[in-house]
Amino acid sequence: MLKPRRKIFFGWWIVAGALILDLYIGGTFSIGFTAFFKPLVDEFGWSYFAVSLAASIRGIESGIGSPVAGFLADRYGPRRIALVGVSIMGLGFILLSYTHSLTMFYISFAVMAIGSSGASGVVMMTAVSNWFEKKISRAMGFMVAGYGAGGIMLILVVWLINSYGWRNALLVLGISTWVVCLPAALLLRHKPEQYGYLPDGKQPDNFPPPAPVQGKEQVNPAEVKSNNVELSPGEALKSSAFWLISLSMSVRLLMANAVGLHVMPYLIGIGFSQGVAATVAASTALISIVGRIGFGWLGDMMDKRKVIAIAYALLGLGMLAFVYANTGWALVLFVVAFGVGNGGTVPLRASIQREYFGRSAFGSIQGLIIAAMTAGGVIGPALAGWIYDSTGAYTTAWLSFAALAGVAIPMILLTKRPVKRAG
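Rules and cut-offs
- Each chain carries its own residue numbering, running from 1 in the direction its sequence is written.
- Note on the predicted model: pLDDT of at least 70 is required for a residue's local features to be given, and 80 or more for side-chain atom pairs to be given and counted; whole-chain, interface and lining totals, by contrast, use all residues.
- Side-chain descriptors were evaluated using all non-hydrogen atoms of the structure, hydrogens and water having been removed beforehand.
- Surface patches are drawn from residues lacking salt bridges whose relative accessible area is over 30%; two like charges belong together within 9 Å, two nonpolar side chains (Val, Leu, Ile, Met, Phe, Trp, Tyr) within 5 Å.
- All accessibility values rest on the Shrake-Rupley procedure with a 1.4 Å probe; residue burial counts only the protein chains present in the view.
- Basic side-chain nitrogens of Lys or Arg form a salt bridge, by our definition, when they fall within 4 Å of a carboxyl oxygen of Asp or Glu.
- Secondary structure elements follow DSSP: runs of H or I no shorter than four residues count as helices, runs of E no shorter than two count as strands, and numbering proceeds from the N terminus.
- Pairing of aromatic rings covers Phe, Tyr and Trp, the last counted by its six-membered ring, and requires centre-to-centre distances within 6.5 Å; plane angles under 30 degrees mean stacked, over 60 mean edge-to-face, and any other angle means tilted.
- Three exposure classes are used, based on accessible area relative to the maximum for each residue type with a 1.4 Å probe and protein chains only: buried under 20%, partly exposed in between, and exposed over 50%.
- Sitting over a ring, as applied to charges here, requires NZ of Lys or CZ of Arg to be within 6 Å of the ring centre and within 35 degrees of the ring normal.
- An expected span of 1.5 Å times one less than the residue number is assigned to each helix.
- Arc definition: it is the arc formed by the directions from the helix axis to the C-beta atoms.
- Should any heavy atoms of two residues lie within 4.5 Å, those residues are considered in contact.
- The angle between two axes is taken between their N-to-C directions and runs from 0 to 180 degrees, where each axis is a line fitted to C-alpha atoms and a helix contributes only its stretch in contact.
- Each residue carries a pLDDT score, the predictor's confidence in it, ranging from 0 to 100.

1. A short note on a nonpolar patch on the surface
Together, Ile20, Leu91, Ile175, Trp178, Val179 and Val180 give the surface a local cluster of nonpolar side chains, amounting to about 490 Å² of exposed area. With four residues, helix H9 (residues 166-185) is the largest single contributor of residues to the nonpolar patch.

2. Observations regarding the packing of aromatic side chains
With the rule as written, the count across this model stands at 25 aromatic pairs. Considering the side-chain rings of Trp12 and Phe142, the 6.2 Å spacing of their centres and the 80° angle between planes classify their relative orientation as edge-to-face. Of this pair, Trp12 sits in helix H1 (residues 10-31) while Phe142 sits in helix H7 (residues 136-149), placing them 130 residues apart in sequence. Judged by relative accessible area, Trp12 falls into the partly exposed class, the value being 28%. In textbook terms, an aromatic cluster arises when at least three aromatic residues are bridged by ring pairs, as seen for Phe37, Tyr48, Tyr266, Phe322, Phe334, Phe338, Tyr388, Tyr394, Trp398 and Phe401. The ring of Trp297 has Arg138 sitting right over it, with the charged end atom 4.7 Å from the ring centre.

3. Some details on helix H8 (residues 151-164)
Between its first and last C-alpha, H8 extends 20 Å over 14 residues, near the 20 Å set by a 1.5 Å rise per residue. Among all positions in H8, only Gly151, Met153, Leu154, Val157, Val158, Leu160 and Ile161 are buried. Considered in projection along H8, the buried side chains sweep an arc of 160° and stay on one side of the axis. Along H8, the residues that are exposed and aim more than 90 degrees away from the buried face are Ile152 and Asn162. Elements in contact with the buried residues of H8: H1, helix H2 (34-44), H7, H9, helix H11 (240-269) and helix H12 (274-301). Immediately downstream of H8, the backbone of Gly165 shows phi near 90°, a positive value.

4. Side note on the packing of helix H15 (residues 362-391) against helix H16 (residues 395-413)
The contact between H15 and H16 brings their axes to 8 Å, and the two run at 140°. The segment H15 lies against H16, with Gly380, Leu383, Ala384 and Ile387 engaging Thr396, Ala397 and Phe401.

5. Remarks on the confidence of the model for the protein chain
On average, the protein chain scores 84 in pLDDT, and the residues at 70 or more come to 90%. Residue range residues 206-227 is modelled with pLDDT below 50. Its contacts to residues more than four positions away, or to other chains, number 37 contacts.

6. What about the pattern of salt bridges?
All told, the structure shown has five salt bridges when counted by the stated rule. With a closest N to O distance of 2.8 Å, Asp303 and Arg305 form a salt bridge. A relative accessible area of 28% means that Asp303 is categorised as partly exposed. In this structure, Glu355 and Lys304 form a salt bridge, with 2.7 Å as the shortest nitrogen-oxygen distance. Of this pair, Glu355 sits in helix H14 (residues 328-357) while Lys304 sits in helix H13 (residues 304-323), and the two are 51 residues apart along the sequence.

Here is the structure:
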C-alpha cells in the first residue's frame, strides 16, 4: 500500500511509467519502423503496397484489440495488461528478425501489434485518466510526450540497422523491450481510491482505505464527486459526440500512420539521403512534444474542441507543405506544423473523452473510440503505398490528406457534451 502525503503525488509516477512505455514502444515500433521499410524492399523485392499492408494490419489489430485491452484494463488494472503486452511485444520483434517470407512478415507484425495494444495506447491512457481530473489534459500531455520523444529511438534504430543489419537490429530491440519496459510497467496502478487518494492528489476523510481482499483489489467506497457525466459504453455509443470525436480522430490517424510509415521512403525518393530522411522523421516526432504538452495544457484552460480544431488546421498545413518538401522552407514547415498538430491531438482525444463520458468506463470507451478510428489507421498507409505504386509519386496522397484535415475541423467543432437521460 502506498503511504499517504508524499511530496510528489503518485499519479505523476504513473505518468512517468506510461511515458517510458510510450517512448520505447512508440519509438521502436510506430515511429521506428519506417527505417526498416527500404531494407525490406531492397532484400525481398516487395512492393511499397505490400510492405505498407503491415501498418494496415496494425490498424486492424488496434481496432479489434483496443476495446478488449480497454475492457481488461478497467476490470483488472493497467499494470497486469501492460506486463503481458510488453512480453508479447518483445517476442514479436524477435520473430520479425527471422522473417523470410511475406506471410511470416505479416504474422510477426501482427504479434507486435497485439503486444502494442496491451503496452501502450488505451491501457496507458486508462492508467493516467483514473488518477487525474482537473489536470487531466496536462497529465495526458506529459504522458504522450513520451511517444514524441520516441523520435530519438529512430536515430538509434537507423544506427543499429546500418551497423548490424536489420535482422540483428530487430533481435536487439526485442530483448531490450523486456529490459526497459517491464520495470516501467510495474509503476502502473489502477485507481487512486485503492491507495487512499482521490484524483489530482486529494485524500478522502477516511484514509487509510480498507485492506485489500486477498487475491483481489479492493476499491475504497469513497467515490469521487465530479461534475462530469458518467456514461456506460452503451450510452456513449448512442451519443453523437462519440461518433464525431471518433471520425475526426480517424482522419488524424489516417495521416499520422501514412506519414509515419512513408516519410523516409518519400524523402529518399525525392533526393534526400537516408540520414536526412531519418533526421526529418525523428524531428517530426520530437517537435510533436510541443503539441502534446502545450496543447494538453491549453486543453485544461479552454474549450478542448477549439484546441483540437487548431491542431487539425496545423495538420492540413503540414500536409500541403509536405508536397513541396524538396525545398528547405517547406520541409521545415512540414516538420513544425505536422509535428505540433499531430502531437496536440493525442492528449486531447483522451481528455475530451474524460470530460464528456467520465472515468468509470474510460478504458472500455477509449477502446471503442480507437476501434471506430481503425478505418483511418488501416486505409492511410495502404492508400499512400497504392498511390505511389500507381503514379510513381506521393503528391496525390498528401493533397488528399490535407483536404481531409479540413473536413475534420467542423466535425470536432460540432461536438456537444452528452446529457445522461434519467432512468
